Each structure stands twice: as C-alpha cells, then as structure tokens.
Amino acid sequence: MLKIDRLDAFYGQSQALRGFTITVSPGEVLCLLGRNGAGKTTALKAIMGAVDRKVMGMELDGVDLAQLPAHQIAKRGVGYVPQGRRLFAELTVRENLEIGLMTRNTGQAAFERALSYFPVLTERMDQRSGTLSGGEQTMLAIARALCIEPKIIILDEPTEGLMPSMIGKIRDVVLKLRGEGVGVLLVEQRIDAVLPVADRIAFMDHGEVKAEFGIEDVRADTSILKKYLGIGH
Ligand SMILES: Nc1ncnc2c1ncn2[C@@H]1O[C@H](COP(=O)(O)OP(=O)(O)OP(=O)(O)O)[C@@H](O)[C@H]1O
Ligand SMILES: [Mg+2]
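Residues numbered from 1 in each chain as written. Chains lettered and ligands numbered in written order. Predicted model: local features only at pLDDT ≥ 70, side-chain atom pairs only at ≥ 80, totals over all residues. Heavy atoms only, no water.

Peer 1: Go over the pattern of salt bridges with me, naming the residues and quoting the values.
Peer 2: If you walk through the whole model with that rule in mind, you get 12 salt bridges. Two residues, Arg-200 and Glu-28, come together in a salt bridge whose shortest N-O distance is 2.8 Å. On the criterion of sequence distance, the pair formed by Arg-200 in strand β9 (residues 200-205) and Glu-28 in the loop between β2 (14-24) and β3 (29-33) is long-range, its members being 172 residues apart. Both residues of the pair, Arg-200 and Glu-28, count as buried. Of the charged contacts, one joins Arg-124 and Glu-136 as a salt bridge, the two residues approaching to 2.9 Å between their closest N and O atoms. Taken together, the residues Arg-124 in the loop between α4 (108-117) and α5 (134-146) and Glu-136 in helix α5 connect sequence positions 12 residues apart. Taking the relative accessible area as the measure of exposure, Arg-124 reaches 27% and is therefore partly exposed. Overall, the relative accessible area of 12% leaves Glu-136 in the buried class. Connected through salt bridges with shared partners, the residues Glu-28, Arg-200 and Glu-212 form a single ionic network. (Salt bridge = Lys/Arg side-chain N within 4 Å of Asp/Glu carboxyl O. Helix = DSSP H or I, 4+ residues; strand = E, 2+ residues; numbered from the N terminus. Buried < 20%, exposed > 50% of the residue type's maximum accessible area, 1.4 Å probe, protein only.)

Shown next as structure tokens:
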C-alpha cells in the first residue's frame, strides 16, 4: 500500500500543496479530481520527488520513500506517466522502453508484458516516438511505466486530448492493472473518464484534498460533483 501523509510542495516561495494525504491499496483505483491549477500534477510530482517538498510520512509496502532521492522512487516500484507524456521524442519506441527497463533493471519478461498491453507498439519499435500519433504516444508512456513492473502506477491525465475509442482503451488497461493487483493513482479532469474505473475519488482544490468519497457515494449523489467541481451533472 502507498501511504502519503501530509505532503507539502513548494515552487520557490509559493506553497502549491498543503497537507496532501492519501492511501492507495493494491488493486485499487484512486482518482484525483480538481479544476485547472488545483494542484493535481504538483501532488504527483511531489510524490516522485520532482519538486521541492516536505512530508510527514511516505511509504510503499512498509518501505520508507520520504528520505529517498527522486531517482530511487521509481526503483521502489512507483511507475509514473506524466502529464503530456514526456517521451524522448528523438528516441525510438524501443529506446524509450529500454529507459523504463534500465530504471529498475527489469528484463525481457517485463518488456514483453508491457508490450502485451499495447500490441500495436510492436509494429512501431524502430519509429521515433515524436512521430507517433497522440494515442500511440500515450500507450508508449504507459508501457514505459509498466516496464518497471510497478506496484503503484501514477497517471496524470492520460486521456487528455484523445478520442473516445482511445479513452476506452486506456480505461481497459487501468482496469486490467487493477485486476492484477496494481494500485492506480489516476488524475483526470473529466468526471466521465473516471466514473467507470474509480474505486474512490479525492477532490482537490488549492493544493489540498478537500474531501474523499467511495465511488458508490458519488454515483448516488451527484450534488457532490457540483459541490467540489462546480459542475452540474
Ligand atoms: N513550475 C511551477 N512554478 C511555479 N508555479 C507552478 C509551477 N507548476 C505549477 N505551478 C502552480 O501550482 C499550482 C498547481 O498547479 P498544477 O499544475 O499542480 O495544477 P493541476 O491541478 O495539475 O492543473 P491542470 O488540471 O491544469 O493540469 C498552480 O497555481 C500553478 O500555477
Ligand atoms: Mg495537471
């Protein structure tokens, strides 16, 4: 289980995350929802050690992550798919995946397993990733994260800008990972993208988790969405 206890993050003098506290269990999907600028990306970056942070406690399956340098977080089994994908555009599909493999010294089996989620990538192994379609780039970014055989995977708006059929594919992958016992921390803007996959929803605003609900509660009472996102569904 991933446990984050009172995580603060800072951009210079400005505090962008305040007391961010969540848990993600194996085989569970926790969705973080919130408006633009709520601090969702900052929360994920802070978990990965990519912004200046302070935290009371952070552990994965009893291993303390709080004291580890950024490059060690992925090594401990936290896969990260950043917003906008952040691939190495000049490198091929294969080379991008090899970077994932090197992160945690995982081997051929991890490589093949990651590709099994996205068979279309096997036809594109020697293509530069910058020339892939948007959907293919998203698949590659997720496959790269899967190459570390993550216990927890963190996805920052993976469906942003994708067409509905591709959104469905990403959703299926999330559900498959959940079924295999991977914990998923999923950031999305659009509620319709998360309702079918989420087990719990944490609503963020101004760098804080304002409230957390089980998915059944949100489905049963859509005024929750109005209250925390300001939308009328
Ligand atoms: N590199 C940075 N330097 C300074 N401030 C930043 C930086 N990145 C983000 N911020 C600020 O931190 C706050 C949270 O931003 P963040 O990107 O985490 O929001 P978000 O919830 O991911 O938004 P979106 O839905 O638009 O992706 C915003 O006020 C933003 O302007
Ligand atoms: Mg963001």
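Peer 1: Please set out the environment of Gly-57 residue by residue, giving values where relevant.
Peer 2: Mapped onto the elements, Gly-57 comes out in strand β4 (residues 52-60). Along the primary structure Gly-57 and Asn-105 are separated by 48 residues, whereas in three dimensions their C-alpha atoms are 27 Å apart. Ignoring any residue separated from it by four or fewer positions in sequence, one finds Gly-57 in contact with Lys-3, Ile-4 and Asp-5. (Contact = heavy atoms within 4.5 Å.)

Peer 1: Explain the site of ligand 1 to me, using residue names and the numbers behind them.
Peer 2: Around ligand 1, a shell composed of 13 residues is seen, among which Asn-36, Lys-40, Thr-41, Thr-42 and Gln-189 lie nearest. In the environment of ligand 1, an oxygen atom lies 3.2 Å from a nitrogen or oxygen atom belonging to the backbone of Ala-38. With the chains in place, 58% of the 640 Å² that ligand 1 exposes on its own is no longer accessible. Residue contributions to the shell around ligand 1 peak at three residues, all from helix α1 (residues 40-47). (Near = heavy atom within 4 Å. Polar contact = N/O pair within 3.5 Å; in protein donor to acceptor, adjacent residues only side chain to side chain. Areas by Shrake-Rupley, 256 points an atom, 1.4 Å probe, with all protein chains shown as cover.)

Peer 1: Got a sec to walk through empty space enclosed by the protein? Specific residues and values, please.
Peer 2: Throughout the structure, instances matching the rule amount to one cavity of 30 Å³ or more. Of the voids in this model, the largest cavity is the one considered here, and its volume is about 70 Å³. Counting only elements with at least two residues in the lining of the largest cavity, the list comes to α6 (164-179) and β8 (183-188). It is α6 that provides the largest number of residues to the lining of the largest cavity, a total of four residues. Here the residues of the lining of the largest cavity are counted per class, giving seven nonpolar, one polar and two charged. (1 Å grid on protein atoms, 1.4 Å probe; cavity = no way out; pocket = protein on both sides within 12 Å on 5 of 7 lines; lining within 4 Å. Points joined across faces, edges and corners; volume = space filled by probe spheres on them. Nonpolar A, V, L, I, M, F, W, Y, C, P; charged D, E, K, R; others polar.)

Peer 1: Tell me about the packing of helix α3 (residues 93-104) against α5, and please be specific about residues and values.
Peer 2: Running from N to C, α3 and α5 point in directions that differ by 30 degrees, and their axes come no closer than 7 Å. In this view, α3 runs roughly parallel relative to α5, as classed from their interaxial angle. Seen from above, α3 lies across α5 with right-handed handedness. Residues Val-93, Asn-96, Leu-97 and Gly-100 of α3 form the contact with α5, whose participating residues are Leu-140, Ala-143 and Arg-144. Taken together, the residues that form the contact of α3 with α5 break down as four nonpolar, two polar and one charged. (Axes fitted to C-alpha atoms, helices over the stretch in contact; angles between N-to-C directions. Parallel < 35°, antiparallel > 145°, perpendicular 65-115°, else oblique. Left-handed = near helix turned anticlockwise from the far one by under 90°.)

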